[in-house]
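Descriptive analysis of the structure
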Amino acid sequence: DKLSESPLNKKLIVFLLLSTTNLKLLFTLNVVYAQTLFLILVDSKVGLLEFLYKFENLENMLSTGLLESNNGYLKEKLSHGLLNLFTKYSNSNMARKPHQFFIPLLLQKTLEKALMKEERSDVFFRLISNTISQLDIGDVSKESLNLDNLLNQLAGFVENRKPVEKSQKENDAVLIGILQVLRALFIKFPEKTKYYGQDRGLVRELLHKCLFEMPKEAIKNAVPPPKCKSFHSRQAAFNLLLALAAKCDENLLEIIHFVMPIHVEGPWRTKRYVDWHITAKDNEKSLTGYVGLKNLGCICYMNSQLQQLYMIPSFRKALMEVEDLGYEATPREDNILYNLKCIFYGLAQSEKQYINPKGFCHAFKDFDGNPTNVFEQMDSEEFFNIFMDRLENLTKGTKEHHFIKDTFGGVLSNELIADNEGKPLYREREEPFLTIGLQVKNKKSMEQSLKAFIEGEMLEGENAYMWEEANKKCNTLKRACLKRLPNYMVFVLKRFEFDYNTMQRQKLNDYFEFPSRLNLEPYTQQGLRKAEKAKNKKDDAEAKEGEGNVAQADEFPPEYFDYKLTGIVIHLGTAESGHYYSLIQDREADPSIPEEKRWIEFNDTIVTPFDPSEIPNEAFGGEQKWRYYSASDATGSIQEKMKNAYILFYERVTPIKETETKQTGAAGEESKQGGEVEAKVDKSKKDTKDPKEAQLVKQQPEAIKHAVPVDFINDLHEKNKKFHVHKSVFSKEYFDFVSELVFQRQYSANLQMVKDAANIEKSLGSAALTEFELLKTGIMFLLTAVIRDKSRTNIIHVLPDIKRAVQNNIPACQWLITNFTSRKVIMEFFLQNPIPDMRKFVVGLIMTAFTKVFEKEIKGNPQRLYEKDPKSAQPTTIIGNFINCLISLTFDAKTGTRDYSDFFEIFYQMARCGPEIAGYLIKHKYIGRILDFFFEKYSPHNKFFRDMSDVSYAENEKPATGVMKEEKQRVRTALEELLARRKGRTFAESDGSHRSYMWQTLCYLVRHCRLGKTGFKRSKWQIGELDLDVLSEERTLLTPEPFFVIKGLEDSINKISARSITFLYAYLCYEDAKFTEIYAEAIKKGLDKEVSELRPFFQALYQLLSVEDSLSGQRIENLCTMLCKIAKDNNNYYLETDAFTTFTYKLASRNSRAREWFLNNKDQWAWMIQWLLDHQSPPQGVIQSGMKIQKRRLGLREIKAHIALKTRRFQAMADAKIENCEDKWNSDDDLSENEFKLGQQIDYLNLASNKWTTATVQILLEEMINISYGGDVTWLHKDSELLAPHNTMKAHQDYLEQEGLKIEEADAPAPSQDQGHNQGQGQGQGQGAVIEGYANIADDSDSDSVEALS
């Protein structure tokens, strides 16, 4: 405060400014202190600001502090201090405020420098965008800052910027900064958005070039489009688009019209399973630029070799150019060459992380002619040899037939050398090779192994070789050596051998080192001759004579023998199992990259850079120190390395293109050399050209020729396109962009119907049309992308917002229902959608629109539903057309779908809208159609109910939502069938759970009918006042013979279907003695089944006895007597009797009439008490397998507590003390009709822990709820059997655990002797399955009564 504007203090300011920008200061804190003190001084004395403005090095200070410094902390401190300075004085009365001075300075010369700093400009741009966002920069003089010039400069930079980001993992900091500054400027000056968005074309530039441009053919070392690949750059571009569209409808509509086709025509819109589980960016091509191969099971041996071959440019080029002679005659799926070319082309051009080699695996047959078994391991060397043999056979007769020999083909010389009294004897047999095997056992290095390879053996004594030329046996040296070398040498390290002591194959993990550069001359015929000549040092005459008998010493130049290591196949594991992967040097890398940095690891789908300095640790084998830690101390040991090199690829440093004569030399023929025949043999063996004329060629990287069928190329390009669209659309930044685009404005209510629903756009004004188009975009994005996102998280935020907007926009409701009046659309979203949750959400959206249109169009005026166009006989209402479309699809519901439950849920939800819809469905035979759908061939009225002439409708041929792509139907190959079975994606016949809502709809409609019964009091289960009757054909299916009733009851496998079916049949029994008799007979037969099948028949009996009519008394008498008799007849079967006793008490405690009967007929059921007393401990089979109550498996302690509780209940029942549980929750009921509330507590069965726990409702969305429990969350349907009211099932569980503990502590007596045979009689080997099926039967779940009983 005491500082004045003295020259001394100004010098202090200068010192601090210079200190702030001094990059050479030793201590970072000094710079921080200088910055802080500098800003404090300027802040405390406003007069010093003018001195600061005149400081001549201020511009350098800014660029140095904000751009050139490598210290991010210093840059952040300076940026923060400047922003605080701007903010503090932004509203002052100063003549020149800090931001008015600094902003022009920052946005001119400093900006120019920032554009040159690719990696250091992020803090600078953040300071600019924050300053513009937080301050009013409109008061900056136009002379200092020309806004249009600035916007033009920034927009031009975006347009002219070349792609910099190679992948989503790299950030173009400069482009991100420019986009952020532009966004801030357009938010501040929205009047500029139309000109720059439309006239200047910035919207188009962002959409086409920055975000959605598709890369064309892959070019090595080139950066492909689009400009924005990373999350941050794409987010910046999307945020700029939002700013451009916020106040400019023209920009908004351009964006909408661009993204709409992407959603509607998305390549992912197929019925393939993977296209309903899309993940955005988890499979992008590696940063190395290379593509992996998918391991379909155990084919790493194949993948590692194919990658090695692909990475050899000359081999790859030759393979792609070779003529496929079998292309026309051989089916594609069996054509090895075709599928191999497809793999190589895919590795070159695919944009995905990996490609799938299943086509090649199917074509590459085993010796029995079967496709490769991808789940069976194979030796990598064995595959290499078989593969090369097949490939050589396939290329015979083509001009490229020699390319394998050109690449890998060498010649071994098997020599016999002797001396016959001073006269040399020599014999040679040439042998072609593709690989050379090297001993690893007892060899520490490649040098030792190669020396052993050429060492040979002496044949002497009795083993001496018989020479024809000498006509006698001579001591002979027998050896092998390398005679002619290929451009690529492949060495196989012999790490696998057979141990005759253990009679097992074993792997040698011995240490074996190999060099990165290798000179093979010492191990060749030429090298050995040189060595021998130098050693012997004979006279010239003898030397010349020797030269005549062997190959010329100077046949090949030194470059011929010089090789470098370029590939390693690693084996990890044992002799019986393991894993192969490859390390390969990139031969086509940018020449500026040093060779030691060109190595890449190819591990199936994973492709990553590899540090070659790790080769000794990764590939040499040997031993390693192994340290592990215990609670007391750390322990170390020495273990063998299970990971080591198996196959080595060496490449000639200077590739040599040998003459044709040499390539096709007489390999495999035997040559003899004696004194007299020497000249003749030499002439026959010599090349027609001088061997010294072998050409040395520098191979240049070359792109693969498109020697692949056009259909495959097109297919791969489509896959690349699909992949890029997936990356663009199924990403967090894009989801956020579309969500904000659609909901960043407040929608006005539009509650008026549009007369022409087919042309809604023409009926709306400008503002209403923009909102309508925007809402359509959100709906289509939800339907085509959000529901296919594998994470399933975005729908939680998108769906509620869309539903709220749809409710207030009747034209949008009309449009949505009209678009769903299409067979293909309904098939896609309800019948071919394999995700149950997503189907529920779509049902909820459709019903939101349906309800609003119903209220406007039909409610209170049901006759409108029946109005038809006189010409077409089609309904004139949107609702009528939609319902007819759904009805006509009923019998197609089973076609190619796994689950059609939600298709019928639509009918149920529509019927609940009002009696108008329920009556319409009944009058259009939908009761009979549902029954005919279920009974199928058993129905005698198939033709009547499947005739759809009464439900004609106007099909929407071109729905705006688009339709799913039709895929070509083809027969799966044997390999594809095997893979599908392994993944569990084969089509499974629909089970009863898929008909839950079918039964619920049927029950709901039937309860609207009086069924021809007059003169009787209405049933309490009858709904509405429609006074409708069913057709006679429907009646025959509703009240059939017992066989059909049993078939229906057996279909009730969950709570919804069980409650619906039993309600339905109980309702049909109302005042109907004949059907009551039929139904009772069906129940009687069902109760004689095994325990796993009893549940629906118990529920049927329970509901039937709840019917209140003139027949109630007779039913109670007959059916209770029947129940007790069947139970007694089965009392030798433990599980069945346990289930009968449980149900008996449940019936007595919940039905007052039944309770009275049991109290008056104790003799009928008293035997149950004794049975329970005799079975206080369950049989051994139940103990071992465990008993299940409400899907929860009980332990022995809880089983005993369960039996003890039931025994006490029956003893109380015998004393006429039956508790009344009629008003308490029934475990057979679900919670779907309950009104859940946020924060509500419920009981949840956690299957992972097998325990009921307390959960809290977090999210309510349609029929789905999201609950949290113990730190975890999950989505469940409201009718899930894993849910129960709070403190019911959990209280019951806690009681059983506590009581079980008491019984255990009291050391309860052991079970009686006869219980062992009781448990097994009549059940045989199926006991385990019977116990497993004991679910949801054994518990009456009167959990509220537990406290009183205990």
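Read on for a plain summary of the structure.

The rules we used
- Residues numbered from 1 in each chain as written.
- Predicted model: local features only at pLDDT ≥ 70, side-chain atom pairs only at ≥ 80, totals over all residues.
- Heavy atoms only, no water.
- Helix = DSSP H or I, 4+ residues; strand = E, 2+ residues; numbered from the N terminus.
- Contact = heavy atoms within 4.5 Å.
- Patch = residues over 30% accessible without salt bridge, like charges linked within 9 Å, V, L, I, M, F, W, Y side chains within 5 Å.
- Areas by Shrake-Rupley, 256 points an atom, 1.4 Å probe, with all protein chains shown as cover.
- Salt bridge = Lys/Arg side-chain N within 4 Å of Asp/Glu carboxyl O.
- Buried < 20%, exposed > 50% of the residue type's maximum accessible area, 1.4 Å probe, protein only.
- Axes fitted to C-alpha atoms, helices over the stretch in contact; angles between N-to-C directions.
- Parallel < 35°, antiparallel > 145°, perpendicular 65-115°, else oblique.
- Left-handed = near helix turned anticlockwise from the far one by under 90°.
- Nonpolar A, V, L, I, M, F, W, Y, C, P; charged D, E, K, R; others polar.
- Pairing = 2+ DSSP bridges.
- Arc of directions from axis to C-beta.
- Polar contact = N/O pair within 3.5 Å; in protein donor to acceptor, adjacent residues only side chain to side chain.

**With respect to the environment of P225**
By the secondary structure assignment, P225 is in the loop between α11 (202-211) and α12 (231-246). Residues P225 and C210, spaced 15 residues apart in sequence, show a C-alpha to C-alpha distance of 7.8 Å. The residues contacting P225, other than those within four sequence positions of it, are P163, E213, M214 and P215.

**Some remarks on a nonpolar patch on the surface**
A cluster of nonpolar side chains, contributed by F498, Y500 and M503, occupies part of the molecular surface with about 380 Å² of accessible area. In this fold, F498 is placed in strand β11 (residues 496-499). According to the relative accessible area criterion, F498 is partly exposed, its value standing at 38%.

**Observations concerning unusual backbone geometry**
Between P225 and the following residue, P226, the backbone shows a cis peptide bond with an omega angle of 0°. Turning to its location among the elements, P226 is positioned in the loop between α11 and α12. The phi torsion at R792 lies on the positive side, around 60°, for a residue other than glycine. Looking at R792, the relative accessible area reads 16%, which means it is buried.

**Quick look at the packing of helix α45 (residues 1112-1129) against helix α46 (residues 1134-1150)**
Closest axis-to-axis distance for the α45/α46 pair is 10 Å, and the angle between their directions is 160°. With respect to α46, the axis of α45 lies roughly antiparallel. The two elements α45 and α46 cross, and the hand of that crossing is left-handed. Residues C1120, L1123, I1126 and A1127 of α45 lie in contact with α46, whose contacting residues are F1140, F1143, T1144 and L1147. Class assignment for the residues of the contact of α45 with α46 results in seven nonpolar, one polar and no charged.

**Here's the deal with the side chain of N1246**
Locating N1246 in the fold gives a position in strand β26 (residues 1241-1246). Apart from residues no more than four positions distant in its own chain, N1246 is found in contact with K1251 and Y1269.

**Brief notes about the sheet that holds strand β28 (residues 1264-1269)**
In sheet architecture, strand pairing relies on hydrogen bonds along the backbone and comes in two forms, parallel and antiparallel. With antiparallel pairing, five strands are arranged side by side in an open sheet as β29-β28-β27-β26-β30. Edge positions in the sheet fall to β29 (1272-1277) and β30 (1283-1285), since each has one partner strand and no second. Looking at each pair of strands side by side, their axes are set apart by 40° on average, direction ignored. With six bridges joining them, β26 and strand β27 (residues 1251-1261) adopt antiparallel strand pairing. The partner of I1242 across the bridge, within β27, is A1255. Strand contacts of helix α29 (residues 795-807): β27 and β29, with the helix running at about 45° to β27, the strand carrying the most contacts.

**Thoughts on the pattern of salt bridges**
Proximity of charged atoms lets side chains of opposite charge pair with each other. Using the criterion set out here, one finds 52 salt bridges in the structure. Here E828 and R269 are joined by a salt bridge, their closest N and O atoms 2.7 Å apart. With E828 in helix α31 (residues 823-831) and R269 in the loop between α13 (249-264) and β1 (292-293), the pair connects residues that are 559 residues apart, well separated along the chain. On the basis of relative accessibility, which here comes to 0%, the residue E828 falls in the buried class. Put simply, R995 and D1051 hold a salt bridge, and the shortest N to O gap is 2.7 Å. Placement of the pair is R995 in the loop between α38 (974-983) and α39 (996-1006) and D1051 in the loop between α41 (1042-1050) and α42 (1055-1068), with a sequence separation of 56 residues. For D1051, a relative accessible area of 6% gives the class buried. One salt-bridge network, held together by shared partners, links E415, R479, R529 and E532.

**A few points about helix α47 (residues 1152-1160)**
Listing the buried residues of α47 in full gives A1154, R1155, W1157 and F1158. For α47, the arc enclosing every buried residue in end-on projection is 160°, short of the 170-degree limit, so these residues lie on one face. The exposed set on the far side of α47, more than 90 degrees from its buried face, consists of E1156 and N1160. A distance of 3.1 Å separates the backbone nitrogen of R1153 from a side-chain oxygen at the start of α47, and that oxygen is part of N1151.

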